[in-house]
Structures are given as C-alpha cells and as structure tokens.
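Examination of the molecular architecture
Below are the chains, spelled out letter by letter.
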Amino acid sequence: MSSSTPLSGVNQPLRGITLVVVATFLFAGHDALSKFLGGIYPIIMVVWARYLVHTLLMAGIFLPKAGMAVLRTRRPLLQTLRALSLLSTSLLFTAGLQYLPLAEATSVNFLAPVLVTALSVPLLKERVTAGQWAAVVMGFVGVLVVVHPGGAMFTPAILFPLGSALGFCSYQLLTRVLAAHDSPTTSNFYAGLCNTLVLTAMVPFFWQVPEWTHALLMLALGGCGMTAHLLLTQAFRYAAPALLAPFSYCQIVFAGLLGLVIFGQVPDGMSLVGISVICLSGLGAAWMQRRK
C-alpha cells in the first residue's frame, strides 16, 4: 500500500471510493474463483497459479522502469516473514472455502483488522483505548454469532478462516513496520516473488494438467488479485485510509452475491447478524484509530 494522504489534502474522494469498491469486487471474484478451482485442483496448485500470474504481471509493469532495484530491501528477513504470512493466509482461506460458504468465510477473515488492534499493543507498543478494546471484543462476539450451533459455519473448518485472519493480521503488522524502510512496490513484488518460488518448489508434487478453460480461470485469478492490489494503491492517492476503510467491507456484500449466484449459498439470519457485528467492530476500530 502507498502511504496515506492527509485528510486535508484529499481532493478526489469519490474517485478513491470508486477504486476501492471496484477492488473489493475483484477480491470477491478472486475468492469465488479460488473456491471453484479449489474444488477441482489441489489448493497448492491454485494458489501457485495466483502468485505466478501476480509476479509476472508485476515484473512486466515495474521491471522495465525500475529494474532489479525494485527488489532491493533493507529488511530481507522481515520481508520474507511478511510474504510467508500472506502465503499462509492464501492457503488457509482457499482451503476453508472448500467447506464453508463464501460470505461467511469472508466475514470471519475480516476479523484481521480487529486482531491488528489487539496485537499492536504487545508487538508495536501502541496505545489502545477502551473503545478500541470494545471493538475487539465485539469482533469476537460477531464470530461466535456466525459460528452458531446448527449453522453452516458450526464445523471444525472454521479454523481455516480464523487461521487466515491471524496470518493476515501478521501480514498487516509487518507491513506497518516495513513501511518505514521499503516502498510499497518493493514489498508487494518481494512477497509475490518469494511465495511464487516457495510454491514452485511444492507444486510438482501436486500437479494436474488443467483443462484449457480452467487454465484461463487461473489466469483470471491472478489478474483479479493483481489488479485489485493496484487499484487499492491508486485509491490511497485520492483519499485517506480513514475515509476509505468502511468501503472495504463491500467485499463481504459482493462475496454474498457471488456465493448466491455461483454456488447457491444464502447466509441464514444468525449468520447475517454475526456478519453485521463483525463489520461494525471493524468500522468502529477504524473510526477510533482515525480519532487518535
């Protein structure tokens, strides 16, 4: 992510909001494709295709301009840990999608911003207000409501999106630390390349020759992920994170719509209540962080 623009300097908020909404749709589309392809091919192969396309696209965009300097980092160990945190998120979330509805799994993954608030105290030595702690508790209550007895999420598979949220929390915390040392382009390129290399070493043990239509979907998978990240980067050029944060939750809405249209999955009433509580907790944490 690029550094944020101060609120006083925001002059095109509508453009920033539009870019975030389009990015969330692409992220939801990426997850729907992951769910579909993961039901046919090994998870390792699906995630490998996503990172391979991501890295090749970034290389085509940034290497002609910056050369290999784009990979030069001052904190290689932290960059590697950040990349592996993102990889764990991708693998766990994609695995969870094979057992869980798209909207509910996405909502549980959105517990990550609340976890960042909680863990920023011991790890980053930040002060967290009572209101922010209330948002943390509220987020966990939302997950408990989603995972209610008799619901589609009341299964051990819920550990997949919970693990994914924890991995994404680690990724976000490391992104904060690295923002003072490396550019967003370096961080994103390093993560894509690192994870591509790790998965390339593993994918021969899981390889299946894809049908050509599925190969095209794998290309679309990587394209959706890469384009969404670029749109988010551009969005922060036009509006501040505090303004854009609420619109990131559009991804849950799009996930629900795609889950209904593609997989015929409809969240029950309790799940909808829990999803709403998780969204409100994340929005509350973002609003209080903005006030700080």
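- The name recorded for the chain in an unreviewed UniProt entry is DMT family transporter, from Pseudomonas oryziphila.

**Some remarks on the packing of helix H2 (residues 43-66) against helix H8 (residues 184-202)**
- Between H2 and H8, the shortest axis-to-axis distance is 8 Å and the interhelical angle comes to 140°. The angle between H2 and H8 places the two elements in the oblique class. For the pair H2 and H8, the crossing hand works out as left-handed. Of H8, the residues touching H2 (which contributes Ile-44, Val-47, Trp-48, Tyr-51, Leu-52, His-54, Thr-55, Met-58, Ala-59, Phe-62 and Leu-63) are Thr-185, Asn-188, Phe-189, Gly-192, Leu-193, Asn-195, Thr-196, Leu-199, Thr-200 and Met-202.

**A look at the UniProt feature "domain: EamA" (unreviewed entry) in the chain**
- UniProt's entry tags residues 15-147 and 157-281 with the feature "domain: EamA" (unreviewed entry), counted in the numbering of this structure.
- Annotated as residues 15-147, this span is 80% helix and 0% strand, and its ends, taken at the C-alpha atoms, are 37 Å apart.

**Looking at the nonpolar core**
- Ranked by internal contacts, the top residues of the largest apolar core, which has 44 residues, are Leu-199 and Leu-244.
- Among the secondary structure elements, those contributing two or more residues to this core are helix H1 (13-38), H2, helix H3 (76-96), H8 and helix H9 (212-238).
- Here this core takes 11 residues from H2, the largest share from any one element.
- Sequence-distant contacts of Leu-199, defined by excluding residues within four places in its chain, comprise Ile-44, Val-47, Trp-48, Tyr-51 and Leu-87.

**Structural notes on the state of the cysteines**
- Across all of its chains, the model carries zero disulfides by this definition.
- Lacking any disulfide linkage, Cys-224 is separated from the closest cysteine sulfur, that of Cys-250, by 17 Å.
- Between Cys-279, a cysteine without a disulfide, and Cys-250, which holds the nearest cysteine sulfur, the sulfur-to-sulfur distance is 9.6 Å.
- For Cys-279, a relative accessible area of 14% corresponds to the buried category.

**A closer look at the packing of helix H4 (residues 102-109) against helix H11 (residues 250-263)**
- Where H4 meets H11, the axes come as close as 7 Å, and the angle between the chain directions of the two elements is 160°. Judged by the angle between their axes, H4 and H11 are roughly antiparallel. Crossing angle aside, the handedness with which H4 passes H11 is right-handed. Touching Leu-102, Ala-103, Thr-106 and Ser-107 of H4 are Gln-251, Ile-252, Ala-255, Gly-256, Leu-258 and Gly-259, all from H11.
- Residue composition of the contact of H4 with H11, grouped by class: five nonpolar, five polar and no charged.

**Section: the environment of Val-47**
- Take Val-47: it is sitting in helix H2.
- Residues Val-47 and Leu-219, 172 residues apart in the sequence, show an inter-C-alpha distance of 11 Å.
- Residues contacting Val-47, with those up to four places away along its chain left out, are Leu-87, Ser-90, Leu-91, Thr-94 and Leu-199.

Each value, and the rule that gives it
- Residues numbered from 1 in each chain as written.
- Predicted model: local features only at pLDDT ≥ 70, side-chain atom pairs only at ≥ 80, totals over all residues.
- Heavy atoms only, no water.
- Axes fitted to C-alpha atoms, helices over the stretch in contact; angles between N-to-C directions.
- Helix = DSSP H or I, 4+ residues; strand = E, 2+ residues; numbered from the N terminus.
- Parallel < 35°, antiparallel > 145°, perpendicular 65-115°, else oblique.
- Left-handed = near helix turned anticlockwise from the far one by under 90°.
- Contact = heavy atoms within 4.5 Å.
- UniProt positions renumbered as here; feature names shortened; annotations may be inferred.
- Core = buried A, V, L, I, M, F, W, Y, C linked by side-chain atoms within 4.5 Å.
- Buried < 20%, exposed > 50% of the residue type's maximum accessible area, 1.4 Å probe, protein only.
- Disulfide = S-S within 2.5 Å.
- Nonpolar A, V, L, I, M, F, W, Y, C, P; charged D, E, K, R; others polar.

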